[in-house]
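Residues per chain, in single letters:
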Amino acid sequence: MDAAAFWDKHRATIRGMFHPVTKALIDEAQIAQGHAVLDVATGSGEPALSIAEVVGPTGVVVGIDPLPGMIAAAEGAANDRHLENARFEVGTADHLPFEDDYFDAVVSRFGITFFPNPIECARELLRVLKPNRPIVFAAWSYLEQNP
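No experiment lies behind these values; they were computed from the predicted model shown.

Peer 1: Explain the pattern of salt bridges to me, and be specific about the residues and the numbers.
Peer 2: Taken as a whole, this structure holds eight salt bridges when the rule is applied. With a shortest N-O distance of 3.1 Å, glutamate 89 and arginine 87 are connected by a salt bridge. Its relative accessible area of 35% is what places arginine 87 among the partly exposed residues.

Peer 1: Can you break down the sheet that holds strand E1 (residues 36-40) residue by residue, with the values?
Peer 2: One open sheet holds the five strands; their spatial order is E3-E2-E1-E4-E5, and the pairing between them is parallel. Since the sheet does not close on itself, it has two edges, and those belong to strand E3 (86-90) and strand E5 (135-138), each with one partner. Across the sheet, the axes of successive neighbouring strands diverge by a mean angle of 20°, strand direction being ignored. Where strand E4 (residues 105-109) meets E5, four bridges bridge the pair, whose relative direction is parallel. Following the sheet pairing, arginine 109 is matched in E5 by alanine 138.

Peer 1: So what's going on with the environment of glycine 76? Which residues, and what values?
Peer 2: Its location among the elements puts glycine 76 in helix H5 (residues 68-80). Residues glycine 76 and glycine 45, 31 residues apart in the sequence, show an inter-C-alpha distance of 9.2 Å.

Peer 1: Got a sec to walk through the packing of aromatic side chains? Specific residues and values, please.
Peer 2: According to the stated counting rule, one finds three aromatic pairs in the structure shown. Look at phenylalanine 98 and phenylalanine 103: their rings are 5.1 Å apart centre to centre, the planes differ by 85°, and that puts the pair in the edge-to-face class. Ring pairing ties together the aromatic residues Phe98, Tyr102 and Phe103, which thus form one cluster.

Peer 1: Hey, could you go over the pairing of strand E2 (residues 60-65) for me, with residue numbers and the actual values?
Peer 2: By the criterion of burial, E2 is predominantly enclosed, with six of the six residues buried. In the sheet, E1 pairs with E2 via five bridges, with the strands oriented parallel. If you follow valine 40 over to E2, its bridge partner there is isoleucine 64. What joins E1 to E2 is helix H4 (residues 48-55), and the crossover it makes is right-handed. With five bridges joining them, E2 and E3 adopt parallel strand pairing. The residue bridging aspartate 65 from the neighbouring strand is valine 90, located in E3. Assessed by its sense of winding, the connection that carries the chain from E2 through H5 to E3 is right-handed.

Quick notes on the rules
Residues numbered from 1 in each chain as written. Predicted model: local features only at pLDDT ≥ 70, side-chain atom pairs only at ≥ 80, totals over all residues. Heavy atoms only, no water. Salt bridge = Lys/Arg side-chain N within 4 Å of Asp/Glu carboxyl O. Buried < 20%, exposed > 50% of the residue type's maximum accessible area, 1.4 Å probe, protein only. Pairing = 2+ DSSP bridges. Helix = DSSP H or I, 4+ residues; strand = E, 2+ residues; numbered from the N terminus. Axes fitted to C-alpha atoms, helices over the stretch in contact; angles between N-to-C directions. Phe/Tyr/Trp six-rings, centres within 6.5 Å; stacked < 30°, edge-to-face > 60°. Right-handed = clockwise from strand over helix to strand, strands pointing away.

The values are spatial; any link to function lies outside them.
This is the structure:
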């Protein structure tokens, strides 16, 4: 079974298991109704789908992931949940197709571990983020064990 099919099949279990992490990302990033949020390495769509509920119909969340299968799973889940304010694109953190100062927050749940060049990716994320707005990462392990 490929990764996208696994994540899609176990979507409800994974969403519940990682709900505290998603909530922490939303709280730490100060995400609110009407915000534009970028979810980097969205996988099959979480936490972007949960964030779409928070930002509501006046906001937007964009999830990017390098794997087309994951993006297809995320789009299917957004359609199933009738979330018109969530969109998903194939992409990576080091080459973002967004204008400068566009997003109110950038989040990534467990994605930073897989960034090809974390410094260059951070620069690119800062470019698309509005001034004085947060980037919030959740990582798999303690800080000293995550370069």
